[in-house]
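What follows is the residue order along each chain.
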Amino acid sequence: MPDALSIDQARRVALAAQGLAAPARAGRAGPATLRATLERLGAIQIDSINVVARSHELVLAARAGPHDRAAFDRVVYRRRAGFEYWGHAASFLPMASFRLCLPRMRRLTQATRGWWVDIRRRHQHLYGPVLDRIRAEGPLAASAFRDPDGPRRGSWWDWAPAKHVLEDLFDCGTLLVHDRVNFERRYDLAERVLPPGLDTSEPTAAEAAAELTLLAARALGVGTAADLADYYRLPSADTRAALAELVAAGLLQQVAVEGWAKPAYLLPGTRVPRRLTYPPVLLSPFDSLVWARERTERLFGFRYRLEVYVPAGKRVHGYYTMPVLADGRLVARVDPKHDRQADRLLLRALHLEPSADPAEAVAATAAAAARLAAHLGAGRVEAGDAMPAALAAALRATLPR
């Protein structure tokens, strides 16, 4: 490996690491491909917004292509190839990474101050009964503990006490997610969720940080210390210590990247693809390629902000803006909605990047939207009426009939 990368080389390395560089596979993906995608990425973020599809479904569709949308649930919850925990926010993680979460679970269990400690103090009387019910009845959702005659739950933060207890027991590793029903978690005892023979030896916090930093470098391809820390939300100090150890051991190499003010790191022997042959795709706002917004701007010159929580009148690009990836660049952003009743994928807004060729960006958007619509089972793709007339006309002319 050279000691320096051009920004174009860095992009190609990053896209290859994320499974977005080589030609897309033909046909429908099976469980083995979905499992391999999870293991390649190391973490797939979970989010409940379903205006197009759940975020993890979009991440998988962008890489694996069309597949049975229930297959990933079977890979995680039946075959136990993965589990849910805190990776990059709430995430699906490969089962082999479970032991790397044990130091965090221990730290949360032994915490002496903070929000969860207050929850334990106020609801101490509920921990025993909650565990007793799950131990006796098997996997249970938070709704199973709700008093049908009690007050209705208000905002998202107004969790019932039992939900707080379940989440605390989950954070501490006493409970794990057995599966989901209508996207609601069902919790069970950890020992009944983990597959037989799994290595559950607990590493030290430093050992776990080093292994997670190495996994982050493998998934990102190339990244600064801050990029690597962000992938699994590791403390910066832990990542810096891990990087010093990994570089000294020859497991990571430091490089300079054109235009980056800080040094970057990658695996020794990392290959820089000569060209990218991946088809255009729409990326979830929670896709691991664009998790770190500052890195996305450094790598692609693409300033990205999610506007879900921005008042409608103040949005610039739309509610659920998905970047369009084509030829190794982010060329546009589209605000789609899977209109299930009308059997269509509606593109409510489209904004082209100033540096992109307009005709090529529109064609890439149409191809990416058609690919996603086919996976979702949407009968057609439509341009929304709110889109500028000229742009909508160009898009409609390009969309497959």
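Quick summary incoming for the structure in this document. (Residues numbered from 1 in each chain as written. Predicted model: local features only at pLDDT ≥ 70, side-chain atom pairs only at ≥ 80, totals over all residues. Heavy atoms only, no water.)

What follows deals with helix H14 (residues 358-376). Every α-helical turn comprises 3.6 residues, leaving residues that sit three or four positions apart pointing alike. Here H14 is 19 residues long and its end C-alpha atoms lie 27 Å apart, about the 27 Å a rise of 1.5 Å per residue gives. Among all positions in H14, only Ala361, Val362, Ala364, Thr365, Ala366, Ala368, Ala369, Leu372, Ala373, His375 and Leu376 are buried. Just past H14, the residue Gly377 takes up positive phi, approximately 80°. (Helix = DSSP H or I, 4+ residues; strand = E, 2+ residues; numbered from the N terminus. Expected span 1.5 Å × (residues − 1). Buried < 20%, exposed > 50% of the residue type's maximum accessible area, 1.4 Å probe, protein only.)

Here we take up the sheet that holds strand S10 (residues 264-266). If you walk across this open sheet you meet the 4 strands as S1-S9-S10-S8, and the pairing is mixed. Edge positions in the sheet fall to strand S1 (4-5) and strand S8 (223-224), since each has one partner strand and no second. (Pairing = 2+ DSSP bridges.)

The subject of this paragraph is the packing of aromatic side chains. On inspection of all chains with the given rule, the structure shows 9 aromatic pairs. Taking 5.1 Å as the distance between ring centres and 85° as the angle between the ring planes, the aromatic pair formed by Phe72 and Phe92 counts as edge-to-face. In this pair, Phe72 is assigned in helix H4 (residues 71-78) and Phe92 in strand S4 (residues 89-94), connecting sequence segments 20 residues apart. The two residues Phe72 and Phe92 agree in class, both being buried. (Phe/Tyr/Trp six-rings, centres within 6.5 Å; stacked < 30°, edge-to-face > 60°.)

Turning our attention to unusual backbone geometry. One non-glycine residue, Asp327, adopts positive backbone phi at about 55°. Within the fold, Asp327 resides in the loop between strand S12 (322-326) and strand S13 (329-339). The class for Asp327 is exposed, based on a relative accessible area of 61%. Notably, Asp343 is not glycine yet its phi reads approximately 55°, a positive angle.

With the rule as written, the count across this model stands at 32 salt bridges. Of the charged contacts in the structure, one is a salt bridge between Glu211 and Arg99, with a shortest N-O distance of 3.3 Å. Remark: Arg99 occurs in the loop between S4 and helix H5 (102-109) and Glu211 occurs in helix H10 (residues 205-220); sequence separation between them is 112 residues. With relative accessibility at 36%, the residue Glu211 sits in the partly exposed group. The exposure class of Arg99 is buried, given its relative accessible area of 15%. Between Glu202 and Arg106 there is a salt bridge, with the nearest N and O atoms lying 2.8 Å from each other. Of this pair, Glu202 sits in the loop between helix H9 (190-193) and H10 while Arg106 sits in helix H5, and the two are 96 residues apart along the sequence. (Salt bridge = Lys/Arg side-chain N within 4 Å of Asp/Glu carboxyl O.)

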